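Listed below, chain by chain, are the residues.
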Amino acid sequence: MERYQLFIGGEWCDPSTSEWFETEEPFSGKVWAQIPRGVQADADRAVEAAHRAFLSPEWADMTATQRGALLRKLAGLIEANAEALGAVEQRDNGKLMAEVAGQVRNVAQWFYFYAGLADKVAGAVVPINKADVFNYTKYEPLGVVVAITPWNSPLSLTAWKMAPALAAGNTLVIKPSEFASASLFELARLTEKAGFPRGVVNVVTGYGHEVGEPLVRHPLTAKIAFTGGDAGGQRVNEAAAPGLKKVTLELGGKSPNIVFDDADLDQAVKGVIAGIFAASGQTCMAGSRLLVQDTVHDEVVARLVAMVGEAKIGDPAASDTQIGPIATRPQWEKILRMIEMAKREGATLALGGHALSGPGYGQGQFVAPTIFTNVRNDMRIAQEEVFGPVLAVLKFRDEEEALRIANDVPFGLAAAVWTRDLHRALHCVDRLKAGTVWVNNYRSTSFATPFGGYKRSGLGREGGVEAIKEYLQTKSVWITTRPNRANPFLLG
Ligand code: NAD
């Protein structure tokens, strides 16, 4: 069995507790690796190592072009090792094998993108309103960035933070989820191979309250980039507040997928399925609220039930599996509790609504893809994130009502509109309170464009050119060109 070690200051080391916890394969329940249980002392060591690296000439004196070259080298190594990295992640969180290698190759693309951007973030010469000075701005890194990630897509969600943070010249401590840590150790090995100076990238594992929070609170931590649930995000924000640290938060969602009666229903039904049943619904951007116009409601529901009812559910390692297991036992229990809650609230069960066990379902950590109809927007199943394969269907009469229901939710991560009417589509784009809006598609993302949430779905953005600014601070520089201060006692 693999026994991992922490990666701190370029050394592989045991946790100060000398304790490890086990990680298991979600499908078989088989324990396959041991993960170090880091605590405060390990958090302190890691942040201090990252701080030393931040000040070291090996990193601080590197030009942005040289940092870009290092990131490009890392991207190449990720590409070359995509299968192996994907296999570790797949084992840890039970993702479909069919999608995981592609996802890891996409991780490499994030590093290529920010490698290219590293030496293109220019300050400005400011046309200042004073005659005797020259003013310009420049961007500087923040220092030690702590990246905290969840279990659903550990490598991707780390890359979203790591690539811009390193391109900007910061150093990093990564704290992956206790449920899916292993792939981050494999990524750390590749940073060693790529030749990053010691301490620029560190990986510390353990539980959120034991090691995550000490990382956030450490006085030398300059910034926290967090992806996780809104409750965890709130705790991280509170822990960061006394030190006035910079924080970006990518949190959960309850995203509306709106189908109008003039939509191409074949495409819309596929989009609804991709929105909620891909990755067994364990994605932040899941389209968990389907809003359907009353005139096509029954037809859309019937088509969904027919298509999803035939999905191949089972071993995520099999190439023809369409729906895999739930990644963690607590999450599996939570999904089943929320299904029971929706039944008690009076929603009508159109499909699924139960756990799956028996031959073909491994240790039985499965939830049947579930569709509830007759959902009212004030029900908890319409308002709270499930993070599982559970779709809540709500009916609407017209555009005004669709927009009112769509926006009447505490989250604002994403939304989609299905219609052939361009004016209606653009009107909805303007009115939807969400960080991402898709028109006639669902789930498109790219390193090239920002992603992030309105309302309780987060703070700041990841991806695109603008995200590198989340890892930089601006310095305004004043240079006297003509000494001329008539009266030193006056402001001006
Ligand atoms: P979580 O909030 O429970 O944990 C996320 C991470 O935070 C883990 O590494 C955990 O150990 C750590 N953590 C927990 N408490 C902490 C604390 N007090 N201090 C510091 N760290 C702490 O989330 P999860 O259950 O792992 O993931 C599922 C959630 O993530 C869902 O709500 C989902 O919507 C969200 N998510 C969001 C995005 C996005 O980009 N918006 C992407 C994927 C997942």
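Residues numbered from 1 in each chain as written. Predicted model: local features only at pLDDT ≥ 70, side-chain atom pairs only at ≥ 80, totals over all residues. Heavy atoms only, no water.

Enquirer: Sorry, what's going on with the pattern of salt bridges here?
Expert: Side-chain pairs of opposite charge can arise where the charged atoms are in close proximity. Going through the model one piece at a time under the given rule, you end up with 26 salt bridges. Of the charged contacts, one joins D378 and R376 as a salt bridge, the two residues approaching to 3.0 Å between their closest N and O atoms. Under the relative-accessibility criterion, D378 is labelled exposed at 59%. Here R376 falls in the partly exposed class, since its relative accessible area comes to 47%. For R397, the salt bridge identified is with E401, shortest N-O distance 3.7 Å. Residue classification places R397 among the exposed residues on the basis of a relative accessible area of 56%. (Salt bridge = Lys/Arg side-chain N within 4 Å of Asp/Glu carboxyl O. Buried < 20%, exposed > 50% of the residue type's maximum accessible area, 1.4 Å probe, protein only.)

Enquirer: Got a minute to help me understand the site of the ligand in this structure?
Expert: Neighbouring the ligand are 27 residues; T149, K175, E178, L251 and E385 lie closest to it. Contact distances for the ligand include 2.6 Å between a nitrogen atom and a backbone N or O atom of L251. Counting atoms within 2 Å of the grid points, the majority share of the ligand lands in the largest pocket. Listed by contribution, the elements that provide at least two residues to the shell around the ligand are α8 (208–217), β11 (221–227) and α9 (230–240). Classifying every residue of the shell around the ligand by side-chain character gives 12 nonpolar, 9 polar and 6 charged. (Near = heavy atom within 4 Å. Polar contact = N/O pair within 3.5 Å; in protein donor to acceptor, adjacent residues only side chain to side chain. 1 Å grid on protein atoms, 1.4 Å probe; cavity = no way out; pocket = protein on both sides within 12 Å on 5 of 7 lines; lining within 4 Å. Sits in = over half its atoms within 2 Å of the grid points. Helix = DSSP H or I, 4+ residues; strand = E, 2+ residues; numbered from the N terminus. Nonpolar A, V, L, I, M, F, W, Y, C, P; charged D, E, K, R; others polar.)

Enquirer: Would you mind showing me how to read the nonpolar core here?
Expert: For soluble globular proteins, nonpolar side chains are generally found buried alongside one another. I78, F111 and V259 are the most contacted members of the largest nonpolar core, which has 95 residues in total. When residues in this core are grouped by element, the largest group, 9 residues, is from helix α6 (residues 154–167). A domain split of this core shows at least three residues from each of domain 1 (2–251 + 457–476) and domain 2 (256–439). Apart from the residues within four sequence positions on either side, F111 is in contact with L71, L74, A75, I78, A159, M162 and A163. Core analysis: the next-biggest nonpolar cluster, separate from the first, contains 32 residues, W332, I381, F396 and V417 among them. (Core = buried A, V, L, I, M, F, W, Y, C linked by side-chain atoms within 4.5 Å. Domains from an automatic or database assignment. Contact = heavy atoms within 4.5 Å.)

Enquirer: Before we go on, may I ask you to explain the layout of surface pockets in this structure?
Expert: If you roll a probe as big as a water molecule over the atoms, it shows you where there is empty space left. Of the pockets and cavities examined, the largest pocket occupies roughly 930 Å³. Forming the walls of the largest pocket are 36 residues, and the residues nearest its centre are F226, G228, G229, G232 and R235. Listed by contribution, the elements that provide at least two residues to the lining of the largest pocket are α8, β11, α9 and α12 (329–345). By residue number, the principal contributor to the lining of the largest pocket is α9, which donates 6 residues. Here the lining of the largest pocket spans two domains, and each of domain 1 (2–251 + 457–476) and domain 2 (256–439) adds at least three residues to it. (Points joined across faces, edges and corners; volume = space filled by probe spheres on them.)

Enquirer: Hey, could you run me through the sheet that holds strand β25 (residues 472–480) in this one?
Expert: Strands belonging to one sheet form pairs held by backbone hydrogen bonds; the direction of such a pair is parallel or antiparallel. Read from one edge to the other, the open sheet built from 3 strands follows the order β6-β7-β25, with strand pairing classed as antiparallel. Each edge of the open sheet is held by one strand with a lone partner, namely β6 (125–126) and β25. (Pairing = 2+ DSSP bridges.)

Enquirer: Help me out: how do you make sense of the pairing of β11 in this one?
Expert: For a regular strand, side chains alternate in direction, first toward one face of the sheet and then toward the other. With 6 of 7 residues buried, β11 lies mostly within the body of the structure. Inspection of the sheet shows strand β8 (residues 144–148) paired to β11 by 5 bridges, in the parallel sense. Bridge pairing in β11 places I148 opposite F226. Looking at chain direction, β11 and strand β12 (residues 246–250) are connected through 5 bridges and run parallel. If you follow I224 over to β12, its bridge partner there is V247. For the segment spanning β11, α9 and β12, crossover handedness is right-handed. (Right-handed = clockwise from strand over helix to strand, strands pointing away.)

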